[in-house]
Amino acid sequence: MSQTLMGKNAVLQALKAGRPIQRIMFARGLVEDDKIQEIRAIAHELKIGTILADRRDLDRQSRHEQHQGVLAFGPSFRYSEIEAIFFRAEERKELPFILVLEGLEDPYNVGSLIRSAVGAGVHGVIMPEHKQADVTAVVIKVSTGATEYIPIVRVKNVTQTLRALKEKGIWIFGTHQDAPQIYTKTDYNLPLALVIGNEGKGLSKLVKEQCDFMVKIPIRREGIDSLNASVAGAIILFKMVEGRQHGHS
């Protein structure tokens, strides 16, 4: 199957990461900024065909998502195996640091979390095959191409995968607004996986049972009982980075 990439960052990062691209479509009258010029230069060097088209053609191809005047066409996103996550941690001589998504259906949340994961130095992302937004063109664009720089693994069963991770010495952290521990007062200096649950339902009962720790972000304003999944995930991920750098938080 083929996949359409849209947006300057997503296309540029895919090219830089060596992802196979068959052709690139540019909108007529597109302003040539540095990123566009770089995309054209790499396409020319790699002998990738380019097409000049009306903007409405790009609108139709992208289903009216924000494409910034650039679309690229290539094979579907290639998922990794879990071993790639542990290899990356070993290569960096770091304790494994994993993000697990359970049933996130909004591609904007998934793309944002992948971008945060790459920024935080996470070694890999795990997500279920079903009831979960896949790595689509929208996810890639929202991640600004970060999907090209981290192993992303799809699994049949998140609960079984968490059990397998625990057997490998990984400590599982979950989030819940009624959790006993505040996220800033937790030790993260260990091999760990953070699980972010569905936007509305949160973590399933079976996944909660696999969590060694449950943490919360205290909300101080009446009328707001929880944060957006991608916002909460980013806050905790970067706190984990701090804890892993300096020992006990």
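For the structure itself, consult the block above.
Residues take numbers from 1 onward in each chain, read along the sequence in its written order. With pLDDT at 70 or above as the cut-off, local features in this predicted model cover only qualifying residues; side-chain atom pairs require 80 or more to be listed or tallied, and sums for whole chains, interfaces and linings still use all residues. The side-chain figures draw on all heavy atoms in the structure; neither hydrogens nor water molecules are used.

Enquirer: What exactly am I supposed to notice about the overall build of the chain here?
Expert: Of the regular secondary structure elements, the chain holds 9 helices and 11 strands. Atoms considered for the radius of gyration are the C-alpha atoms alone. The globule rule reads 2.2 Å times the number of residues to the power 0.38. Against the 2.2 N^0.38 benchmark of 18 Å for 249 residues, the chain shows a C-alpha radius of gyration of 19 Å, consistent with a compact globule. Its C-alpha atoms give the chain principal-axis dimensions of roughly 55 × 45 × 35 Å. Evaluated residue by residue, the chain yields a buried proportion of 49% over its 249 residues. Helix numbering and strand numbering both begin at the N terminus, where a helix is a DSSP run of H or I of at least 4 residues and a strand a DSSP run of E of at least 2. When accessible area is computed with a 1.4 Å probe and restricted to protein chains, residues below 20% of their type maximum are described as buried, those above 50% as exposed, and intermediate ones as partly exposed.

Enquirer: Would you mind going over the sheet that holds strand 9 (residues 181-182) with me for this structure?
Expert: Hydrogen bonding along the main chain pairs the strands of a sheet, whether they run parallel or antiparallel. Across the sheet, which stays open at both edges, the 7 strands sit in the order 7-6-5-10-8-11-9 with parallel pairing between neighbours. Strands at the two margins of the open sheet, each flanked by one partner only, are strand 7 (152-155) and strand 9. The criterion used for residue contact is that any of the two residues' heavy atoms lie within 4.5 Å. All axes here are fitted lines through C-alpha atoms, helices being fitted over the stretch that makes contact, and every angle between N-to-C directions spans 0 to 180 degrees. Strands strand 5 (97-102), strand 6 (124-128) and strand 7 of the sheet are contacted by helix 4 (residues 82-91), whose axis makes an angle of about 160° with strand 6. Sitting on the sheet, helix 5 (residues 107-120) touches strand 5, strand 6, strand 7 and strand 10 (192-197), and the angle it makes with strand 5 is about 175°. Two strands are said to pair when DSSP picks up at least two bridges between them.

Enquirer: Looking at this structure, how should I read a nonpolar patch on the surface?
Expert: Taken together, the side chains of Ile219, Leu227, Val231 and Ile235 define a hydrophobic patch exposed on the protein surface, amounting to about 260 Å² of accessible area. Inspection of the secondary structure assignment puts Val231 in helix 9 (residues 229-246). Patch definition: residues above 30% relative accessible area lacking any salt bridge, with like charges linked at up to 9 Å and the nonpolar side chains Val, Leu, Ile, Met, Phe, Trp and Tyr linked at up to 5 Å. Note on areas: these come from Shrake-Rupley sampling with a 1.4 Å probe, and a residue is covered only by the protein chains present in the view. Note on definitions: salt bridges are taken to be side-chain nitrogens of Lys or Arg within 4 Å of carboxyl oxygens of Asp or Glu.

Enquirer: So what exactly am I meant to see when it comes to the sheet that holds strand 1 (residues 2-6) here?
Expert: Strand order in this open sheet of 4 strands is 1-4-2-3, and the pairing throughout is mixed. Two strands lie at the open edges of the sheet, namely strand 1 and strand 3 (49-53), each paired on one side alone. Neighbouring strand axes in the sheet, compared pairwise and without regard to direction, differ in orientation by 20° on average. Looking at chain direction, strand 1 and strand 4 (residues 70-75) are connected through 5 bridges and run antiparallel. The residue bridging Thr4 from the neighbouring strand is Phe73, located in strand 4.

Enquirer: Hey, could you run me through the nonpolar core in this one?
Expert: Among soluble globular proteins, nonpolar side chains are generally buried collectively. Residues Ile24, Leu99 and Leu101 are the most contacted members of the largest nonpolar core, which totals 52 residues. Looking at this core, the element that brings in the most residues is helix 9, giving 6 residues. When residues no more than four places from it in sequence are discounted, the contact partners of Leu101 are Val110, Leu113, Val125, Ile126, Met127, Pro128, Gln132, Val158 and Ile196. To define a nonpolar core, start from buried Ala, Val, Leu, Ile, Met, Phe, Trp, Tyr and Cys residues and group those joined through side-chain atoms within 4.5 Å. Counting residues in each nonpolar core, the second largest holds 19 residues, with Ile126, Val153, Leu165 and Val207 among its members.

Enquirer: Looking at this model, I keep getting lost on the packing of aromatic side chains. Mind explaining?
Expert: Each aromatic ring pair is characterised by the separation of its centres together with the angle its planes make. The rule is short: rings of Phe, Tyr and Trp, with Trp giving its six-membered ring, pair when the centres are within 6.5 Å, and they are stacked under 30 degrees, edge-to-face over 60, tilted in between. This model, assessed by the stated rule, comprises 4 aromatic pairs. A ring pair is formed by Phe77 and Tyr79, whose centres lie 5.1 Å apart and whose planes are at 80°; its orientation type is edge-to-face. Among the residues examined, Phe77 registers a relative accessible area of 12% and is labelled buried. For the ring pair Phe173 and Phe213, a centre distance of 4.7 Å and an interplane angle of 20° mean the geometry is stacked. In this pair, Phe173 is assigned in strand 8 (residues 171-175) and Phe213 in strand 11 (residues 213-216), connecting sequence segments 40 residues apart. Ring pairing ties together the aromatic residues Trp171, Phe173, Tyr188 and Phe213, which thus form one cluster. The criterion for a charge sitting over a ring is simple: Lys NZ or Arg CZ within 6 Å of the ring centre, and within 35 degrees of the ring normal. Positioned over the ring face of Phe86 is Lys168, at 5.2 Å from the centre of the ring.

Enquirer: Would you mind going over the pattern of salt bridges with me for this structure?
Expert: Should the charged atoms of two oppositely charged side chains come close, the side chains can pair. In this structure the tally under the stated criterion is 11 salt bridges. For Arg19, the salt bridge identified is with Glu148, shortest N-O distance 3.0 Å. One end of the pair, Arg19, is in the loop between helix 1 (8-16) and strand 2 (23-27); the other, Glu148, is in the loop between helix 6 (137-142) and strand 7, with 129 residues separating them in the sequence. On the basis of relative accessible area, Arg19 is assigned to the buried category, the value being 11%. Judged by relative accessible area, Glu148 falls into the buried class, the value being 19%. Note that Arg40 and Glu32 form a salt bridge whose closest N and O atoms lie 2.8 Å from each other. With relative accessibility at 29%, the residue Arg40 sits in the partly exposed group.

Enquirer: Explain helix 7 (residues 158-167) here, please?
Expert: In an α-helix, one turn spans 3.6 residues, which is why side chains three or four residues apart end up on the same side. Those residues of helix 7 not exposed but buried are Val158, Thr159, Thr161, Leu162 and Leu165. What you see down the axis of helix 7 is that its buried residues fit within an arc of 160°, all on one side. Those residues of helix 7 that are exposed and aimed more than 90 degrees away from the buried face are Gln160 and Glu167. Pairs of N or O atoms within 3.5 Å make up the polar contacts considered here, provided that, within protein, one atom can donate a hydrogen while the other can accept it, and that residues adjacent in sequence are counted only when both atoms are side-chain atoms. At the N-terminal end of helix 7, a side-chain oxygen is found 3.0 Å from the backbone nitrogen of Thr159, two or three residues along, and the residue is Asn157. Taking the helix axis as origin, the arc is that swept by the directions to the C-beta atoms.

Enquirer: Just to check I follow, could you spell out the side chain of Gln132 for this structure?
Expert: For Gln132, the location among the structural elements is in the loop between strand 6 and helix 6. Apart from the residues lying within four places of it in its own chain, the contact partners of Gln132 are Leu101, Glu102, Gly103, Leu104, Val110 and Met127.

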